[in-house]
Amino acid sequence: MTPSFTYETIHEAYPPVLCIESEMSRCKIALHGGHVLSFVPAGSDDLLWVSEKAVYREGKAIRGGIPVCWPWFGAHPDDPLKPSHGIARVSVWEIAETGMEEGMPFARLILESEQTDREHFDYDYTLELKVVAGETLRLFLTTHNRDARPFPITEALHSYFAVSDIREVRVKGMDGRPYIDQLQQNQTFLQHGAITFGEEVDRIYRTDRPCRIDSPAGTYSLHSSGSRSSVVWNPWIDKAGRLSDFGDEEYREMVCVETANVGPDTVVVSPGACHTLAMKLEKH
Ligand code: BG6
């Protein structure tokens, strides 16, 4: 089967979704946000989770898949009125290229400073997202600084993974690593053993190690490069209830393990330089 690149319309006023299909996998990427919505390896269910209540509207981030948080993660450090998790996930990206690389189909999307609101991030840049959809899913988020000044960024590939029962999930590979607990005044603790879930979890792990997510839905492995942090999040019951685009019971079916540079792991990109944050997702 020759890989195909087709477009799907979700709503007439909403930018299209690129669908990449081959005998290895199917992958969907929304131009709104440069947002991977789905990755289904052959013979498997979708590895990514999207809420039944997700809202597809310009300016609103999609709840699920892999939102791109950039050029800041969470609240803006100086201005709480700026959009949470930055501007990339609510901007419309362009397809720069589609093709084949080492036998795998890929798409390259770009977002340029000229396309976004300078009021939020006043630098010249090109942000590039390359998505390689083979038997594994690989993402490369590259920040090119086209400005005359250096700029700081925090960033995350905010992956929502589909799991069948959050109470049975074990995230392995963080044993012995320090983490900042965003629910406990940003105090730092040490992880002992696997991460388990029985309440809301919102933590920044200081790690560049690979990790594994075990659940009854299967085992996913996650490798990264250019990443010094990993955010682990599940809203649990009360926070799920406060989010209008999140079903009350859906916290059971998802976990976020985000390949990132956040908190103290800010990256400064020099003029003319670039920085790449990358992840590889595989189901075993
Ligand atoms: C996580 C953060 O990465 O994203 C959480 O650590 C946050 O604090 C969550 O609640 C979802 O954020 P948003 O802006 O998509 O609702």
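Below, the structure is looked at part by part. (Residues numbered from 1 in each chain as written. Predicted model: local features only at pLDDT ≥ 70, side-chain atom pairs only at ≥ 80, totals over all residues. Heavy atoms only, no water.)

1. Side note on the overall build of the protein
Each helix and strand in the protein was counted, giving 1 helix and 22 strands. For 284 residues, the compact-globule estimate of 2.2 N^0.38 gives 19 Å, and the C-alpha radius of gyration of the protein, at 18 Å, lies within 12% of that figure. With respect to the three principal axes, the spread of C-alpha positions in the protein is 50 × 45 × 35 Å. Out of the 284 residues in the protein, the part that is buried amounts to 54%. Surface accessibility of the protein: about 12,200 Å² in total, with carbon and sulfur atoms responsible for 46%. Computed over 28 positive and 42 negative side-chain charges, the separation of the two mean positions in the protein equals 4 Å. (Helix = DSSP H or I, 4+ residues; strand = E, 2+ residues; numbered from the N terminus. Rg over C-alpha atoms; globule rule 2.2 N^0.38 Å. Buried < 20%, exposed > 50% of the residue type's maximum accessible area, 1.4 Å probe, protein only. Areas by Shrake-Rupley, 256 points an atom, 1.4 Å probe, with all protein chains shown as cover. Lys, Arg positive; Asp, Glu negative; His and termini not counted. Charge placed at Lys NZ, Arg CZ, Asp CG, Glu CD.)

2. Comments concerning the sheet that holds strand β2 (residues 17-21)
With respect to topology, 4 strands assemble into an open sheet ordered β1-β2-β3-β4, the strand pairing being antiparallel. At either end of the open sheet lies a strand with only one pairing partner, and these are β1 (4-8) and β4 (35-41). Pairs of neighbouring strands in the sheet enclose a mean axial angle of 15°, with direction left out of account. Pairing geometry for β2 and strand β3 (residues 25-30), over 5 bridges, is antiparallel. Bridge pairing links Ile 20 to Cys 27 in β3. (Pairing = 2+ DSSP bridges. Axes fitted to C-alpha atoms, helices over the stretch in contact; angles between N-to-C directions.)

3. Looking at the pattern of salt bridges
Tallying each qualifying case throughout the model produces 16 salt bridges. With its nearest N and O atoms 2.8 Å apart, the salt bridge here joins Lys 172 to Asp 214. Of this pair, Lys 172 sits in strand β13 (residues 170-172) while Asp 214 sits in strand β17 (residues 211-215), and the two are 42 residues apart along the sequence. The class for Asp 214 is buried, based on a relative accessible area of 12%. (Salt bridge = Lys/Arg side-chain N within 4 Å of Asp/Glu carboxyl O.)

4. Things to note about the packing of aromatic side chains
In this structure the tally under the stated criterion is 14 aromatic pairs. Ring centres 5.0 Å apart and planes at 55° place the aromatic pair Phe 121 and Tyr 123 in the tilted group. Judged by relative accessible area, Phe 121 falls into the buried class, the value being 8%. A ring pair is formed by Tyr 123 and Phe 151, whose centres lie 5.1 Å apart and whose planes are at 50°; its orientation type is tilted. Here the residue Tyr 123 occupies a position in the loop between β7 (104-112) and β8 (125-133), and Phe 151 occupies one in strand β10 (residues 151-153), the gap between them amounting to 28 residues. On the basis of relative accessibility, which here comes to 18%, the residue Tyr 123 falls in the buried class. For Lys 130, the ring lying beneath its charged end belongs to Phe 106, and the centroid distance is 5.3 Å. The residue whose ring lies beneath Lys 130 is Phe 140, and the NZ or CZ to ring-centre distance is 5.9 Å. (Phe/Tyr/Trp six-rings, centres within 6.5 Å; stacked < 30°, edge-to-face > 60°. Lys NZ or Arg CZ within 6 Å of the ring centre and 35° of its normal.)

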